[in-house]
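The residues making up each chain are set out below.
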Amino acid sequence: MAEITAAMVKVLREKTDAPMMECKKALTEADGDMDKAEEILRVKLGSKASKASTRVTAEGLVGIYIDATGKLGSIVEINCETDFVAKNDDFIAFVGNMGKLVAEKNPADVAALSDLPLADGTVESIRTALIGKIGENVSIRRFQRVAATGKLASYLHGGKIGVLVDYSGDDDTVGKDVAMHIAATKPKSLDESGVPAVDVERERSVAKAKAIESGKPADIAEKMVEGSIKKFLKEVALLSQPFVKDPDNTVAAMLKAKSSAINSFQLYIVGEGIEKKVNDFAAEVAAQAAAAGR
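Keep in mind that this is a model prediction, so the values were computed, not measured. Residue positions are counted from 1 within each chain, in the order its sequence is given. Given that this is a predicted model, residues contribute local features only at a pLDDT of at least 70 and side-chain atom pairs are listed and counted only at 80 or more, while totals for whole chains, interfaces and linings are drawn from all residues. Based on all heavy atoms of the structure, the side-chain values leave hydrogens and waters out of the count.

### Here we look at the sheet that holds strand β1 (residues 59-66)
We count it as follows: Two strands make a pair as long as DSSP finds a minimum of two bridges between them. In this text, helices come from DSSP runs of H or I with a minimum length of four residues, and strands from runs of E with a minimum of two, each type numbered from the N-terminal end. Whenever a helix is involved, its axis is fitted only over the stretch in contact; in every case the axis is a line through C-alpha atoms, and angles between N-to-C directions fall within 0 to 180 degrees. Residue contacts follow a heavy-atom distance rule, with two residues in contact if any of their heavy atoms lie within 4.5 Å.
Strand order in the open sheet formed by three strands is β1-β2-β5, and the pairing between neighbours is antiparallel. With partners counted over all chains shown, the strands left at the sheet margins are β1 and β5 (139-147), one partner each. With strand direction ignored, the average angle separating the axes of adjacent strands in the sheet is 10°. Across eight bridges, the pairing between β1 and strand β2 (residues 72-80) is antiparallel. Among the inter-strand pairings, I66 is bridged to a residue of β2, identified as G73. Strand contacts of helix α5 (residues 89-105): β1, β2 and β5, with the helix running at about 145° to β2, the strand carrying the most contacts.

### Observations concerning the side chain of D177
Position of D177 relative to the elements: it lies in helix α8 (residues 172-185). Apart from residues lying up to four places away in sequence, D177 is in contact with F243 and K245.

### A word on the packing of helix α9 (residues 197-214) against helix α10 (residues 218-236)
Just so we agree on the cut-off: By convention, the crossing between two helices is left-handed when the near helix turns anticlockwise from the far helix through less than a right angle, and right-handed when the turn is clockwise. Lys, Arg, Asp and Glu make up the charged group, whereas Ala, Val, Leu, Ile, Met, Phe, Trp, Tyr, Cys and Pro make up the nonpolar group; the residues left over, Gly among them, are polar.
Following both chains from N to C, one finds α9 and α10 inclined at 145°, their axes separated by 9 Å at the closest point. Between α9 and α10 lies a crossing of right-handed hand. Across from D199, V200, E203, R204, A207, K208, A211 and S214 in α9, the residues of α10 making contact are A221, M224, V225, E226, S228, I229, F232 and L233. Within the contact of α9 with α10, the residues separate by chemical class into nine nonpolar, two polar and five charged.

### Thoughts on unusual backbone geometry
Rule in force here: Think of it in three bands: residues with accessible area under 20% of the maximum for their type are buried, residues over 50% are exposed, and the middle band is partly exposed, with areas taken using a 1.4 Å probe on protein chains only.
We note that D31 has phi near 55°; this positive angle belongs to a residue other than glycine. Relative to the assigned elements, D31 resides in the loop between α2 (20-29) and α3 (34-45). The phi torsion at K186 lies on the positive side, around 55°, for a residue other than glycine. Residue position: K186 is located in the loop between α8 and α9. With a relative accessible area of 36%, K186 lands in the partly exposed category.

### Re the sheet that holds strand β7 (residues 161-168)
Here we have three strands laid out as an open sheet, ordered β6-β7-β10, and antiparallel in their pairing. Since the sheet does not close on itself, it has two edges, and those belong to β6 (151-157) and β10 (261-269), each with one partner. Between one strand and the next, the sheet's axes are offset by a mean angle of 15°, whatever the strand orientation. Sheet topology places β7 next to β10; eight bridges connect them, and they run antiparallel. Residue I161 lies in a different strand from β10, and its bridge partner there is I269.

### With respect to α5
Short version of the rule: For a helix, the expected span equals 1.5 Å multiplied by the number of residues minus one. Here a polar contact means two N or O atoms within 3.5 Å. Within protein one must be a hydrogen donor candidate and the other an acceptor candidate, and residues neighboring in sequence count only if both atoms are side-chain atoms.
If you check α5, its first and last C-alpha atoms are 24 Å apart, about what 17 residues at 1.5 Å a residue would give, namely 24 Å. Of the positions making up α5, those classed as buried are F91, F94, V95, M98, G99, L101, V102 and A103. The opening residue of α5 is N88, an N-cap whose side-chain oxygen sits 2.8 Å from the backbone nitrogen of D90.

### Some remarks on the pattern of salt bridges
Heads up, the condition is: Basic side-chain nitrogens of Lys or Arg form a salt bridge, by our definition, when they fall within 4 Å of a carboxyl oxygen of Asp or Glu.
Under the defined criterion, the tally for this structure stands at 17 salt bridges. For E59, the salt bridge identified is with K160, shortest N-O distance 3.9 Å. Here the residue E59 occupies a position in strand β1, and K160 occupies one in the loop between β6 and β7, the gap between them amounting to 101 residues. Using a relative accessible area of 22% as the deciding quantity, one classes K160 as partly exposed. The network of salt bridges with shared partners includes E59, D83, K87 and K160.

### Examining the nonpolar core
A general trend in soluble globular proteins is that nonpolar side chains are found buried together. To keep things clear, this is the line we draw: Among the buried residues, those of types Ala, Val, Leu, Ile, Met, Phe, Trp, Tyr and Cys that are joined through side-chain atoms within 4.5 Å form a nonpolar core.
Counting 22 residues, the largest nonpolar core has I78, F91, F94, M98, L113, V123 and V138 as the members making the most contacts within it. At the level of elements, β2, α4 (83-86), α5, α7 (123-134) and β5 are the ones that each hand at least two residues to this core. Here the element with the most residues in this core is α5; it accounts for six residues. Apart from residues lying up to four places away in sequence, V123 is in contact with F94, M98, L101, L113, S114, L116, L118 and I140.

Right, dumping it as structure tokens:
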């Protein structure tokens, strides 16, 4: 009997996207023969699951779960390859299950979530089976569990943009209104102090380039840069933004008027930051026609 090493299991997992234990079982059954083990997995999990992990998953859904108390919830992003599959009932059910598991079990990361029990297996085995069934790669990209200081409110826009807000106050419309505002304006942070430094420096670099091009004296150019940064911070910080339902007031002013506060928020946009593959359909058809004519 051939020795089944961790390295062998890793290679087979990368080739097939099958769970690690399934890979080990297949290698054992195949007496270490990698090709035979791959065929065993294809038979067991479906040929559609083979090499699915190499395909880009830039579509998908944001899922939000809030428990009965209204104080514990989660937001998750689960990706697939096409928008068509994002409408699949099995995929939608998987997203819902992930949101509930994250809130109830509080996994540390995607690996820990993948190991949790689900149905008659684990999250990972169910995910792999789903890949085999629908024929597309499915990946758990990210999640956040929120134990609210106040209460939770949410907003989902077509399943592609999701917002989870922790708010305090007696007016329950505030949470929903702010969640919708966030989905529309996509702020980077709650207040100006929370704007990521990398974003501020990127904006400062652009502002400096514009100031230099203006030909203004150095002292005036510096004031131009600082003015641009202040404007940028007000635009991307939630509390200083004009409230979408009443642009004459900022979000902070609206909250003060309603004796409410926003403690935190989570904003997920499906595929954000993932480089999507752009297919040239005309070129693809031309290539197929040329190949057929040979």
